[in-house]
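# Topology and contacts: notes
Next come the chains, spelled out residue by residue.
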Amino acid sequence: MGRANPAALLALAALSAVVLVWSTPLLWMAIAAFRPQNFGGLDMASLWPDFVPTLDNFAEALDSADFPLLYLNTVVVCLGTLAVQLTTVTLAGYAFARLRFPGKELVFYGFLLQLMLVPPILIVPNLVTITRLGLYDSLLGVMAPYFASAFGVFLMRQTFRTIPKDFEEAAIVDGATWWQLVWRVLVPLARPGMVAFGIVSVVSHWNEFLWPLMVVSTPDNQTLTIGLASFTMGAESASQWGVIAAGTFLVAAPLLAAFALFQRQFVNSFLFSGVK
Amino acid sequence: MSRIASAALAAALTLGIGSGAALAATDIEMFFPVPVEGKLAKEMKNLMDRFNAEHPDIKATAVYTGSYDETNIKTRAAIKAGRPPAAVIMSANFVLEYQINGEIQPLDPLIQADGQTPDAFMGKFWPALHGNARFAGKVWAAPFHNSTPLLYFNADHFKAAGLDPNNPPKTWAEWVDAARKLTVRDGDTVKRYGLMLPGNYDYLGWVMTALTMSNGGLYYNPEFGGEVYYDTPSMLGALTLVDNMAHKYKVMPDGVTDGKAVSTAFFAGQASMVVLSTGSLSFIRQNMKDHYGVAFVPRNLRNAVAIGGASLIMPKGLSDERKQASWTLTSG
């Protein structure tokens, strides 16, 4: 690359600026988590690691909440939700993509309409339903409203529709039943779409706060976000930024690590499925 | 939590009156927000363990329920879903709403069942707190951790600026004067602000209430919940004061300053005077390195502030056992 292309340089500069803006909170969190507690100066807002790193903040954060249990509950909620969702959205996506039945369009638009609802307005009706089902204050109650996902159904329908019918026709000629079609032909081909949906689902449930707070009362059933908030939110006083940063680091770390490990697959999935 | 509040909580938990020997322990849960700093969630659990040890017939669980607002949402949703908690530490702002909606029960019958009069019960709390708990002829809440806005000032800055830390500003005129003297500028940039007020929801509203009351007015009609006075001369006067501080004298940052940023700036010596809750006192005591003092929010016409913080309420729809167990937890 002998000559510098001005357009490419400009693009690089613009990208660097965006990266800087987006990474600043993460960077600050990582640095503040290891910064010795100090209220005397401006340095707590600094992004420059000009100190001897300490684990005190982590010790205090770990002491402030039962992290192993919180991790366990959050993993159960995320993976439990995802497992049921993958089943429901695959089958519903298949129905909307391939099957013919009266009222299909209407039902599909009904599903899409549900995407327009802001989740908090459903808190009270959902909680009433959950209570009637006897799921109040249980992890199953946290998961239940998400078992059917309009977004997932839409995504899987679009994914299935990109797969040429030839594969299915060949399978039918070989005598495959409808569920063999789905399981052996469509699901393997739709994997990028499912991975993309899985990421969106896990990240949103990992970070969710309000709904688990509504459903769960027993401390033993709390998820990470509630545990984190219980020692970092104070409305009428200043904050111990170091402990907040350390706690946030602990909550975010598993997702960050997973992203670093599977970066290539993630990016491929998103490129394939067009999810941003 | 202020010392008074801790003492009140300890008293509530140690002096609780046993509700007689029941065979099975009554399960109750109490919703609590974390309005103050630190490991309150853990301390709350310790207090509950102590209470449970002293009352074998009751099994009380403290349930962390987020901020004041989230506690409000959760309580409302739980009541609608038919699972009311036995007790809630509810922001004083919302208690009236529950009373108007008929979702909480008056405590008078329980007070009387203990052989007390409502007057004697309320007599245990500072008179200033009564308005939040006793209205419409009944006791609807037990004051729990209540607070008021307070003026905190950096005594070292006062001395350096030629002000007397033993004689902090008492009137708005003195306040503006002090803020102007305390502000340190370097050309057009402000190195140190004379004053900072928390501007985030719902801190600012509370501070504006205090300033409106200091200006001789009221923020809302205390006799009739829901009637507010946003366009009265006293309110506009309070607004003008804040506007002048920020834009005319430029002794206060404009825009929204979060309450946490205000206390951080105070610790860092970037703000010489701040208005914060009495609930911040112990946190400031622990973390402030410079000498500091506290004073009443300066007055224009009178010294007056609004009570904030939270009270214990008891939702309707509890069984008699749970009601009694909740009362044992609440009373003291």
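Cut-offs and rules
- Residues numbered from 1 in each chain as written.
- Chains lettered and ligands numbered in written order.
- Predicted model: local features only at pLDDT ≥ 70, side-chain atom pairs only at ≥ 80, totals over all residues.
- Buried ≥ 20, exposed ≤ 12 C-beta atoms within 10 Å, placed from the backbone.
- Helix = DSSP H or I, 4+ residues; strand = E, 2+ residues; numbered from the N terminus.
- Pairing = 2+ DSSP bridges.
- Axes fitted to C-alpha atoms, helices over the stretch in contact; angles between N-to-C directions.
- Contact = placed C-beta atoms within 7 Å.
- Domains from an automatic or database assignment.
- Nonpolar A, V, L, I, M, F, W, Y, C, P; charged D, E, K, R; others polar.

Glancing now at helix α12 (residues 224-232) of chain A. Counting buried positions along α12(A) yields nine of nine residues, so the element is predominantly enclosed. Looking at α12(A), one finds that the buried residues are L224(A), T225(A), I226(A), G227(A), L228(A), A229(A), S230(A), F231(A) and T232(A).

Residues and elements named next belong to chain B. The strand order β8-β9-β10-β7-β11 describes an open sheet built from five strands, whose pairing is mixed. The outermost strands of the open sheet, each flanked by one partner alone, are β8 (184-186) and β11 (292-295). If you compare each strand with its neighbour and ignore which way they point, the axes differ by 25 degrees on average. Here five bridges tie strand β7 (residues 149-154) to strand β10 (residues 271-277), and the two strands are oriented antiparallel to one another. Looking at the pairing, L151 lines up with V275 of β10. Running at roughly 155 degrees to strand β9 (residues 189-196), helix α9 (residues 172-182) makes contact with β9 and β10 of the sheet.

Residue and element names in this part refer to chain B. In space, the five strands of this open sheet follow the order β2-β1-β3-β12-β6, with mixed pairing throughout. Looking at the sheet topology across the chains shown, the edges are occupied by β2 (58-64) and β6 (142-147). Adjacent strand axes in the sheet meet at a mean angle of 15 degrees when their direction is disregarded. Two elements, strand β1 (residues 26-32) and β2, share seven bridges in a ladder whose sense is parallel.

A word on the environment of A238(B). All names here are of chain B. Examined against the element boundaries, A238 turns out to sit in helix α11 (residues 233-248). Residues A238 and K248, 10 residues apart in the sequence, show an inter-C-alpha distance of 14 Å. Apart from residues no more than four positions distant in its own chain, A238 is found in contact with M208, L211, T212 and N215.

Buried accessible area, meaning the area lost when the parts come together, often serves as the stated size of an interface. Residues and elements named next belong to chain A. Domain boundaries in chain A define domain 1 (1-54) and domain 2 (56-273). Here the C-alpha centre of domain 2 lies 31 Å away from the C-alpha centre of domain 1. Class assignment for the residues of the side of domain 1 that touches domain 2 results in six nonpolar, two polar and one charged.

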